[in-house]
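# Fold and contact review
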Amino acid sequence: QLRLVESGGGLVQSGGSLRLSCAASGSINYIATMGWYRQAPGKQRELVAIIGSGDTPNYADSVKGRFTISRDNAKNSVNLQMNSLKPEDTAVYYCNLNAVPAGILNFQSYWGRGTQVTVSS
């Protein structure tokens, strides 16, 4: 069973930085995309950043120029470097993986449990 483990959330002051990490455990044949989503209280979950197998990232307009996503294919992991954080970045951040796990022919979507990021003003 493929599992995602996130780390790196916490409390930071406005203008500060945090780095989120997510590692996938289990046998994987192919990873299509790895990404980060977030959900603030009372709001829908939204895409923050996503990176495909070609390593071309895409970002939400609200984080462009401040966040950087990167993936390590050898470790089946994805990171999110968050700089110049703002109070409106406060949310639970979720790691997402779209992959073909070993023994299965179809793409499956997997989610981490989420990590809290709180930015104080």
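Up top is the structure.
Residues numbered from 1 in each chain as written. Predicted model: local features only at pLDDT ≥ 70, side-chain atom pairs only at ≥ 80, totals over all residues. Heavy atoms only, no water.

This part is about the side chain of Asn 79. Structurally, Asn 79 can be placed in strand β8 (residues 77-82). At 2.9 Å, the side chain of Asn 79 and the side chain of Ser 21 are in polar contact. The contact partners of Asn 79, leaving out residues within four places of it in the chain, are Arg 19, Leu 20, Ser 21, Cys 22, Trp 36, Thr 68, Ile 69 and Ser 70. (Helix = DSSP H or I, 4+ residues; strand = E, 2+ residues; numbered from the N terminus. Polar contact = N/O pair within 3.5 Å; in protein donor to acceptor, adjacent residues only side chain to side chain. Contact = heavy atoms within 4.5 Å.)

Ordered in space as β1-β3-β8-β7, the 4 strands form an open sheet in which the pairing is antiparallel. The sheet is open, and its two borders are formed by β1 (3-7) and β7 (67-72), each paired with just one other strand. The mean angle between the axes of side-by-side strands here comes to 15 degrees, regardless of whether they run parallel or antiparallel. Across 6 bridges, the pairing between strand β3 (residues 18-25) and β8 is antiparallel. By the bridge assignment, Cys 22 is partnered in β8 with Val 78. (Pairing = 2+ DSSP bridges. Axes fitted to C-alpha atoms, helices over the stretch in contact; angles between N-to-C directions.)

Moving on, we come to the pattern of salt bridges. Tallied over the entire structure, the rule returns 4 salt bridges. Two residues, Asp 89 and Arg 38, come together in a salt bridge whose shortest N-O distance is 3.0 Å. Note that Asp 89 is positioned in the loop between β8 and β9 (91-101) and Arg 38 in strand β4 (residues 28-39), a separation of 51 residues in sequence. Judged on exposure class, the residue Asp 89 and its partner Arg 38 are both buried. Residue Asp 89 pairs with Arg 66 through a salt bridge whose shortest N-O separation is 2.8 Å. You can see Asp 89 sitting in the loop between β8 and β9 and its partner Arg 66 sitting in the loop between β6 (57-59) and β7, a full 23 residues away along the chain. A relative accessible area of 1% places Asp 89 in the buried class. When its relative accessible area of 10% is taken as the criterion, Arg 66 is described as buried. (Salt bridge = Lys/Arg side-chain N within 4 Å of Asp/Glu carboxyl O. Buried < 20%, exposed > 50% of the residue type's maximum accessible area, 1.4 Å probe, protein only.)

This next bit is on the pairing of strand β11 (residues 115-120). A one-sided burial pattern is seen for β11, the buried positions being Thr 115, Val 117 and Val 119 and the unburied ones Gln 116, Thr 118 and Ser 120. Looking at chain direction, strand β2 (residues 10-13) and β11 are connected through 4 bridges and run parallel. Bridge pairing links Val 12 to Val 119 in β11. In this structure, β9 lies alongside β11, joined through 3 bridges in antiparallel fashion. Looking at the pairing, Val 92 lines up with Gln 116 of β11.

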